[in-house]
Amino acid sequence: GDKTLTVSCRSSSTGIITFTVTGSVWDENYKETKINSSKSVTVQAPREKDSNNYLKSLSIKEFNLTPEFDKEKLEYTVTVPSTTDKITIEASKASNYASLEGTGEFEVNEGVNTFEVKVMSETGTERVYKLTVNVEDENPIEINIGEKKYTIMKNAKTLETPATYEKTTIKIKEFDIPAFYSETSKMTLVGIKDTKGTTSFAIYNQEKNTYQLYNETKTNQLLLYIQNIPEPKEGFIESTITINNQSYPCLKLSLESNYILIYAMDIVSGKEDYYVYDKKEETLSRYYNE
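Residues numbered from 1 in each chain as written. Predicted model: local features only at pLDDT ≥ 70, side-chain atom pairs only at ≥ 80, totals over all residues. Heavy atoms only, no water.

J.: Before we move on, can you summarise the overall build of the protein chain with the specific residues and values?
T.: Along the backbone of the protein chain there are zero helices and 23 strands. In terms of C-alpha radius of gyration, the protein chain reaches 33 Å, well past the compact-globule figure of 19 Å for 290 residues. Viewed in the frame of its principal axes, the protein chain has a C-alpha envelope of about 105 × 55 × 35 Å. For the protein chain, with 290 residues in total, the buried portion stands at 32%. In the protein chain, of all internal contacts separated by at least 6 residues, the share reaching a separation of at least 24 is 43%. Carbon and sulfur atoms form 43% of the exposed surface of the protein chain, whose accessible area is close to 19,300 Å². (Helix = DSSP H or I, 4+ residues; strand = E, 2+ residues; numbered from the N terminus. Rg over C-alpha atoms; globule rule 2.2 N^0.38 Å. Buried < 20%, exposed > 50% of the residue type's maximum accessible area, 1.4 Å probe, protein only. Contact = heavy atoms within 4.5 Å. Areas by Shrake-Rupley, 256 points an atom, 1.4 Å probe, with all protein chains shown as cover.)

J.: Summarise the sheet that holds strand E5 (residues 86–93); cite the residues concerned and give the values.
T.: Strands pair in a sheet through their backbones, by hydrogen bonds, and they do so in one of two ways: parallel or antiparallel. The three strands lie next to each other as E3-E5-E7, forming an open sheet whose pairing is antiparallel. The sheet is open, and its two borders are formed by strand E3 (55–60) and strand E7 (104–107), each paired with just one other strand. Across the sheet, the axes of successive neighbouring strands diverge by a mean angle of 20°, strand direction being ignored. By the bridge criterion, five bridges tie E3 to E5 in an arrangement that is antiparallel. What sits directly across from Ser59, in E5, is Glu90. (Pairing = 2+ DSSP bridges. Axes fitted to C-alpha atoms, helices over the stretch in contact; angles between N-to-C directions.)

J.: How would you summarise the pattern of salt bridges if you had to cite specific residues and measurements?
T.: A full pass over the atoms with the stated rule returns nine salt bridges. When the shortest N-O distance is used, the salt bridge between Lys86 and Glu105 registers 3.8 Å. Highlighted residues: Lys86 in strand E5 and Glu105 in strand E7, separated in sequence by 19 residues. Overall, Lys86 belongs to the partly exposed group, its relative accessible area being 42%. In this structure, the salt-bridge partner of Asp194 is Lys148, at a minimum N-O distance of 3.5 Å. Taken together, the positions of Asp194 in strand E14 (residues 188–194) and Lys148 in strand E11 (residues 148–152) put the pair 46 residues apart, joining distant regions of the chain. (Salt bridge = Lys/Arg side-chain N within 4 Å of Asp/Glu carboxyl O.)

J.: How would you summarise the sheet that holds strand E6 (residues 99–101) if you had to cite specific residues and measurements?
T.: Pairing within the open sheet is mixed, and its four strands lie in the order E4-E9-E8-E6. The two strands at the open ends of the sheet, each matched to only one other strand, are strand E4 (75–80) and E6. For this sheet, the mean angle separating the axes of adjacent strands, direction not counted, is 20°. Pairing of E6 with strand E8 (residues 111–120), which is carried by three bridges, proceeds in the antiparallel orientation. The partner of Leu100 across the bridge, within E8, is Val119.

J.: Let's hear about the nonpolar core: which residues, and what values?
T.: One finds Leu58, Ile60, Ile89, Tyr129, Leu131 and Val133 to be the most contacted residues of the largest nonpolar core, which totals 19 residues. Elements that contribute at least two residues to this core include exactly E3, E4, E5, E8 and strand E9 (126–135). Apart from residues lying up to four places away in sequence, Val133 is in contact with Ile60, Val78, Val80, Ile87, Val108, Gly111, Val112, Asn113 and Phe115. (Core = buried A, V, L, I, M, F, W, Y, C linked by side-chain atoms within 4.5 Å.)

J.: A description of the packing of aromatic side chains should follow, citing residues and the corresponding values.
T.: All chains considered together, the criterion is met by nine aromatic pairs. Through pairs of rings, three or more aromatic residues link up here, namely Phe69, Tyr76 and Tyr129. Its end group placed over the ring of Tyr97, Arg47 keeps NZ or CZ at 3.9 Å from the ring centre. The lysine or arginine in question, Arg127, covers the ring of Tyr54, its NZ or CZ lying 3.9 Å from the ring centre. (Phe/Tyr/Trp six-rings, centres within 6.5 Å; stacked < 30°, edge-to-face > 60°. Lys NZ or Arg CZ within 6 Å of the ring centre and 35° of its normal.)

J.: I'd like to hear about unusual backbone geometry, residue by residue, with values.
T.: Trans is the prevailing form of peptide bonds, just as negative phi is the prevailing case for residues other than glycine. For the bond running from Thr66 to Pro67, omega is -5°, close enough to zero to count as cis. Inspection of the secondary structure puts Pro67 in the loop between E3 and E4. The phi dihedral of Thr164 is positive, around 75°, even though this residue is not glycine. The topology assignment puts Thr164 in the loop between E11 and strand E12 (166–172). The phi torsion at Lys173 lies on the positive side, around 50°, for a residue other than glycine. One can find Lys173 in the loop between E12 and strand E13 (175–181). For Lys173, a relative accessible area of 60% gives the class exposed.

J.: Explain the environment of Thr169 to me, using residue names and the numbers behind them.
T.: Assignment of secondary structure puts Thr169 in strand E12. Residue Thr169 is classed as partly exposed on the basis of its relative accessible area of 47%. When the C-alpha atoms of Thr169 and Ala179 are compared, they prove to be 5.3 Å apart, with ten residues separating the residues in sequence. Setting aside its immediate chain neighbours within four residues, Thr169 contacts Asp176, Ile177 and Ala179.

Laid out in structure tokens, this is it:
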């Protein structure tokens, strides 16, 4: 029968290692067989990790990118008809050792929609290609909130319904606009989009035809809509506080104080009251003036 011999060694450099086996083997009947065999193995240096994080191709199915794809160019735009509600981003990586994310089918709505295709090299460096998809809107409803411009979204399929709100429809400039209404807060929200394509909500006052940014703050099981301080409070200084990257009016015992009061509506109960914000712990709790 056959006999297998296994041998291993650690190489100190690249090149060819030759293993030679000589001697005799005997079978079960004590019959001797002389052997003289050799095997050569080529030792190569370990492969260095690939640092290539370029795309080989990038496209949006059925539409042309501007400018044409060039692996060195990182930003592209495309304009699609108003009837477009989905796009398909296709891409391939230049290196088989890299990883790729950001391709596939995505929903879009009127105005600016932004997407990113990311390529991570085997060495861990990332390259980001940005795509701006402009969905044509022949009659955009443009509004100003403060100094910032927004467009009202006529299709809200990419928006998640806020907690305690229900979907509805309202008329704005003869258009049926998807909206969200809460019996608790008595607020009507509409989806808005800024010039960069970032979506958010605005509170729409139908009687006054005015808009106000809507920002929820969720912490410690509370879901709050922070409002302006209704009146000065003795012993406190009026100031502002940043929570979840949003600036709000507040009251402080001193400008350096971590004891901060805000005034907010509890979205679940609809009740308005003062709340204490712990700046260090980033938590909110009801304010009790004892």
